[in-house]
Structures are given as C-alpha cells and as structure tokens.
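Descriptive analysis of the structure
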Amino acid sequence: MALPMRTSGAGVELIKSFEGFRARAARLPDGSWIVGFGHTASAREGLRVTRADAELVLRHHDLKSIEDLISERVLTPLTQNEFDALVSFAFNIGPKAFLESNVLALLNSGERLQAAEGMAAWRKGQVDGEVRVVDALVRRRAAEKALFLEHPSGRIPVPGVLLRPQFDPGAALAMSRERAVVIEARTEDGRTSAATPRPVSETAPQAAARAVAERMTKLLGDQPENTAPAEDADASVPTADEITRAVSALAEPDGAGADRPDDTVIEARPAPVEPPRPPVKPAPVRPAPAPHEGRREILRPPALPPSRSNGLNGDVSVMRWLPYALLSGLGLWGVFEGVRRTAVPAAQRFPASSGEAFVGPLLAFGSALLSVLAIYYLYRAITRQD
C-alpha cells in the first residue's frame, strides 16, 4: 500500500512565507488566539513559541488534516508540486471552502489548467468592514498557481518565434479592475485594516511622468538651468515640473490623493496683455424665418436654368420623364390588347386552350395598373414634385 503524500519542504516554506511567524500569541477578532505559523488549536493568552517549534507544529499538526482531506477528496493523481499548492490553498481558505470550491470539481474532472485558474478567484477578504481585493492574497494565489503548474520534469520549451502568443479577449474580460489594498494584520486590536501608504520619494506615475518630461526636453532641446526666461516668452506654456504633476494626477485613481495637498494641478498664469485692437463691425445677421406651425417645411434643390431642349416647364430634362412616358404608353397598349383578346370569340382563337380565356383580362388589368403608375410618376417628373 502506497504511503499518503505529505507536504514537501518547498510547500512548507511557501506556507510559512505567507502565514508569517508570531512568537507571542495574539487575539483574533472572533476572540480566539493565534501563534506561530497560523496555529490556533492550542493557542492561548501569554503563550510563546520558538520558530523551530512553530514549524514542527505546522508540519505535523496543522497541515496533517489538510493533507488527509486532499488525499481523500481529490480523485485524480497529483504530482508533488500540485499537492503542495493545494495544501497551501486549502490551508488558507479553509477545508469547508475548499470542498465547495470549483477547484476541487475541476480537478476531479481532469481539468488541471482550469483548476489552477480557479485558485485566482479566492483573492478577496474583509478589510475595515468591506470585502476588497487584498494584495497579499493576489500574490499568494499567483505563487500557488505557479507551483501547481510547475511540472517535476521541467518546463516545456516553446520559443516565441515558433509559437507566437495571441491576445485572449476572454481572459482580458475576466480580469477585475478593482484595485488591491495592502493590509496590516493588527491582531492586537482585534481587526484587520488597510495599511497606511509608506512615504516614498517618487511614485510609479511620477516616475513615468518624469521620463516623459525628460524625453520631451531632449526632443525640444535642452535649456540652460541658470538662464532667466525671456520677458517675451509665452507664460502660458507649462514647465516640465507642471507636466510631471499633471501626468501624475491623471495616472492616479479617483480619490487617491484626497488626503494630500493639492499639488497636482497646473497653476493658471495670466496671459500676456496685447495692445487693444480697433473694433470690428460685425456682419449683419439675416434673421432666420419663423417656422410654420403644423406644417413641415420641405427643402428643395435650387432650380436649374431653363433648358431649350424641351418645352416642359423649361427645366425638366428629357431623361427625367421619358422612361415614364414609355412605360405609360406600353401600359395603354397592353390595356387595348387585353380588351381585344377578351372581346374576340373563343371559336376564333388559335390555338384553342382552356386557360387562354384568362389571358385577356389579366393582360388588361396588369397593363392598366402599370399605365396608372407610369402616368403618376410621369406627372411628378414633369412638375418636379419628387
């Protein structure tokens, strides 16, 4: 009988790095105590533990139930790296949540890649009374996913020139735009809160803005630092520092700088005073005609000059009404032909046919309809109403 799998040294180190070490027991928000590397079962007030003892408790007590749970509920064979990643994942979210997660269901169905992607969904926690994306959880899920996908035989070499990656819009849509928060685990006061931003000399947006300003300075030409600006220079042109602050303001999220002094706004400078110009007499504006109530105004094209090629209103070309005239004439001929066929006795028709009696009436009716339509559009073409 094969021995059950146990967490390797790499898996224990991964868990230790994200759980953190506490030499003295600290109270949790629910009233229980925590000590060592996330140990809560026997933790109590005033308890102290060394790092070596805490690691022994983690290996042989806390992880034992998680390892047995994974060996029992995961039906597919696992590599050591996959097992270590699942132990860290289940130890962090809890046994009950692991059993209800889609990671276990995907693993048992053989979908290993989808199971690894499913770990990334467990990245939120309650911080200051709100459920938010936590920076530490995002990093832990990424480390567990990388360990899960690391095959013992090594990575599969796929050169980029051989298989060029393509953009996956589905994965881009699945990405959340919610900003992660960095937390401080303050167990002494019984709560977990977002950490205060550390003072830094230059943020990432400011560094990007500074690089843009330096690039613009190189393109436009360097100016001596100690040279005073000319009196006739355009005072409305912002300086490199103002460009840096403006780009930083655009790069920061909404409300990120609410508690800082407003130093990311370009100061408005007075424009140079120009000599007064003589007043220019405005052109007379022709008042627009008042719209007619209850009647729609139709815009018509300008009238063409009278044409000498025909005598119909003097401005209608021949090709405008000639097709309708031909169709109306064809319709009238069809009416007369249909009437003639209907009036001729059946005995004089050759060849005699049972269905020929309907040819005359149908021909007369269709030709009459064609003639009426053609005459109507001929009238519209002549009077220029279309």
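Residues numbered from 1 in each chain as written. Predicted model: local features only at pLDDT ≥ 70, side-chain atom pairs only at ≥ 80, totals over all residues. Heavy atoms only, no water.

Relative to the 33 Å expected for 23 residues at 1.5 Å per residue, helix α2 (residues 51–73) spans 32 Å between its end C-alpha atoms, a close match to the ideal helical length. Within α2, the axis deviates most sharply at L63, by approximately 55°. Inspection of α2 places A54, E55, L58, D62, L63, I66, E67, L69 and I70 among the buried residues, and these make up the whole buried set. Packing partners of the buried residues in α2 comprise α1 (9–19), β2 (33–36), α3 (80–93) and α4 (95–100). (Helix = DSSP H or I, 4+ residues; strand = E, 2+ residues; numbered from the N terminus. Expected span 1.5 Å × (residues − 1). Bend = angle between axes of the 7 residues up to and from the residue. Buried < 20%, exposed > 50% of the residue type's maximum accessible area, 1.4 Å probe, protein only. Contact = heavy atoms within 4.5 Å.)

Let us look at the nonpolar core. I70, L86 and F98 are the most contacted members of the largest nonpolar core, which totals 35 residues. Of all elements in the fold, only α1, β2, α2, α3, α4, α5 (102–108), α6 (112–119) and α7 (135–149) reach the threshold of two or more residues within this core. If you tally residues by element for this core, the top one is α3, at eight residues. Among all residues touching I70, those that are not within four sequence positions of it are L78, F83, L86, V87, A90 and F98. (Core = buried A, V, L, I, M, F, W, Y, C linked by side-chain atoms within 4.5 Å.)

Okay, the pattern of salt bridges next. Between side chains of opposite charge, a pair can form when the charged atoms approach closely. In the structure shown here, the tally under the stated rule is 14 salt bridges. Here K64 ties to D68 by a salt bridge, and the two come within 2.8 Å at their closest N and O atoms. Taken as a pair, K64 and D68 lie in helix α2 at a separation of four residues, close to a single helical turn. Taking the relative accessible area as the measure of exposure, K64 reaches 34% and is therefore partly exposed. (Salt bridge = Lys/Arg side-chain N within 4 Å of Asp/Glu carboxyl O.)

This brings us to the environment of G338. Topologically, G338 is positioned in helix α11 (residues 318–343). You can call G338 buried: its relative accessible area is 0%. Sequence separation between G338 and F365 is 27 residues; the distance between their C-alpha atoms is 7.9 Å. If sequence neighbours within four positions are ignored, G338 has contacts with G360, L363 and A364.

In this description, an aromatic ring pair is defined by two values, namely the gap between the centres and the angle between the planes. Following the criterion strictly, the structure yields four aromatic pairs and no others. Pairing Y376 with Y377 gives two aromatic rings, centres 5.2 Å apart and planes at 75°, and the pair type is edge-to-face. Judged by relative accessible area, which is 40%, Y377 ranks as partly exposed. Pairwise contacts between aromatic rings join F89, F98 and W122 into one cluster. (Phe/Tyr/Trp six-rings, centres within 6.5 Å; stacked < 30°, edge-to-face > 60°.)

Below, the discussion takes up the confidence of the model for the protein. Scored by pLDDT, the protein comes out at a mean of 75, with 63% of its residues at no less than 70. Here residues 253–269 is a poorly scored stretch, pLDDT under 50, and it has 15 contacts once near neighbours within four places are set aside; other chains count. This model gives residues 306–316 a pLDDT under 50, and the stretch forms 18 contacts once residues within four places in sequence are excluded. (pLDDT = per-residue confidence, 0-100.)

Position of N81 among the secondary structure elements: in helix α3. Exposure remark for N81: the relative accessible area of 17% places this residue in the buried category. With near-sequence residues (within four places) excluded, N81 lies in contact with L147, F148, E150, H151 and P152.

Take α3 next. Helix length check: α3, at 14 residues, gives a terminal C-alpha distance of 20 Å against a target of 20 Å (1.5 Å per residue), a fit within 8%. Most of α3 is tucked away, with twelve of its 14 residues classed as buried. Every buried residue of α3 is listed here: N81, E82, F83, D84, A85, L86, V87, S88, F89, A90, F91 and I93. Check the buried side of α3 and you find it contacts α1, α2, α4, α5, α6 and α7. Backbone geometry just downstream of α3 places G94 in the positive-phi region, at approximately 105°.

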